[in-house]
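# Summary of structural features
One-letter residues, chain by chain:
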Amino acid sequence: MQKKNSSGNVSGKGYYIALVLCAVAIGLAGFLYYRNAGVKDVILQNPTQSVVGTQPNSDVQAVATQPNEQAQPTTLPQKPSKVQAPVEGKTVAEYSMDALSYNQTTRDWRVHDGVDIAAEAGTSVSAAADGEVYTVYEDEAMGMTVVIRHDEGYTTKYACLSQEVAVKAGDAVTAGQKIGTVGDTALLESQLGAHVHFSVSCNGTVLDPADFLS
Ligand SMILES: [Zn+2]
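Residues numbered from 1 in each chain as written. Predicted model: local features only at pLDDT ≥ 70, side-chain atom pairs only at ≥ 80, totals over all residues.

## Brief notes about the overall build of the chain
- The helix and strand tally for the chain stands at four helices and twelve strands.
- Looking at the chain as a whole, 22% of its 214 residues are labelled buried.
- In the chain, 64% of the contacts between residues at least 6 apart in sequence involve partners at least 24 apart. (Helix = DSSP H or I, 4+ residues; strand = E, 2+ residues; numbered from the N terminus. Buried ≥ 20, exposed ≤ 12 C-beta atoms within 10 Å, placed from the backbone. Contact = placed C-beta atoms within 7 Å.)

Set out below in structure tokens:
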């Protein structure tokens, strides 16, 4: 009787241990399932990954064609009648929006929305055409900057000027009028030394300054 009882107790304990182990196993399986499901949710919620996974070709083509269409509009409004280069000097970095060009300062390849004209610090910089000064500000990357608005939606921008700017927002300027002097204030292009970063746009579309000045 004693043996029977004791063996009965042992098998009873074993039964409960097995039950507990089963419960633990079910709980663990459930935890792993929900954890994996959570990871899947994160992947699906991430727009970049789901877009790449579902429509790779159409998206890539859209990105590849848009910049070119914007950079080369088919028709442009009439340019200002009188245009001239903002400073006499050597072109040290060309305009390059369709292809990446090497930046000596940042040591990487990037687009360049203007032309860099090197000249001695202090050389006069003049308005490229008649217009009105829209804004004068110190840009974190491009230094002292003057923006002039012209007729027909054209805008010219002169960056990397010295601190001594000769105009203020609202001033009317004529082609060739001094607006400031050459400086070396553009941190993003500091390796080029003293120069002017000159860029042109028309109604928000960036243009090649050479086309504007020709
Ligand atoms: Zn530049």
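## Side note on the environment of isoleucine 148
- Along the polypeptide, isoleucine 148 turns up in strand 7 (residues 143-149).
- Of the residues examined, isoleucine 148 has 26 C-beta atoms within 10 Å and is grouped as buried.
- Expressed as a C-alpha distance, the spacing of isoleucine 148 and valine 133, which sit 15 residues apart in the sequence, is 4.3 Å.
- Those residues in contact with isoleucine 148 that lie beyond four places of it in its chain are Ala127, Gly131, Glu132, Val133, Tyr134, Thr156 and Val173.

## Considering unusual backbone geometry
- The backbone of arginine 107 shows a phi angle near 55°, a positive value even though the residue is not glycine.
- Looking at the element boundaries, arginine 107 is found in the loop between strand 2 (96-103) and strand 3 (108-112).
- On the basis of neighbour count, arginine 107 is assigned to the exposed category, with 8 C-beta atoms found within 10 Å.
- In the Ramachandran plot, asparagine 203 falls in the positive-phi region, its phi being about 50° despite a non-glycine side chain.
- Along the chain, asparagine 203 falls in the loop between strand 11 (195-202) and strand 12 (205-207).
- By C-beta crowding, asparagine 203 is classed as exposed, having 11 other C-beta atoms within 10 Å.

## Description of the confidence of the model for the chain
- For the chain, per-residue confidence averages 79 on the pLDDT scale, and residues scoring 70 or more make up 65% of the total.
- The model gives residues 1-8 a pLDDT under 50, and that stretch makes zero contacts with residues more than four places away or in other chains.
- Counting contacts from residues 36-69, a segment whose pLDDT is below 50, to residues more than four positions away or on other chains yields four contacts. (pLDDT = per-residue confidence, 0-100.)

## A word on the nonpolar core
- By size, the foremost hydrophobic cluster in this structure holds 26 residues, and its most contacted members are Val125, Val146, Tyr158, Leu161, Ile179 and Val196.
- Elements with a minimum of two residues in this core: strand 4 (115-118), strand 6 (131-139), strand 7, strand 8 (154-161) and strand 11.
- When residues in this core are grouped by element, the largest group, four residues, is from strand 8.
- Beyond its immediate stretch of four places on either side in the chain, leucine 161 contacts Val125, Gly143, Met144, Thr145, Val146, Gly180, Thr181, Val182, Gly183, Thr185 and Val196. (Core = buried A, V, L, I, M, F, W, Y, C linked by C-beta atoms within 7 Å.)

## What to know about the environment of glutamate 138
- In this fold, glutamate 138 is placed in strand 6.
- Glutamate 138 gets classed as partly exposed once you count the C-beta atoms within 10 Å, which come to 13.
- Between the C-alpha atoms of glutamate 138 and serine 162, which are 24 residues apart in sequence, the distance is 10.0 Å.
- Apart from the residues lying within four places of it in its own chain, the contact partners of glutamate 138 are Gly143 and Met144.

## Section: the pairing of strand 11
- Within strand 11, six of the eight residues are buried, leaving the element largely enclosed by the surrounding structure.
- For strand 8 and strand 11, the ladder comprises six bridges, and the chain directions are antiparallel. For alanine 159, the partnering residue across the bridge sits in strand 11 and is histidine 197.
- Pairing geometry for strand 11 and strand 12, over three bridges, is antiparallel. Residue pairing for strand 12: valine 200 is matched across the bridge by leucine 207.
- Here strand 11 hands over to strand 12 after two residues, with asparagine 203 in that stretch at a positive phi of 50°. (Pairing = 2+ DSSP bridges.)

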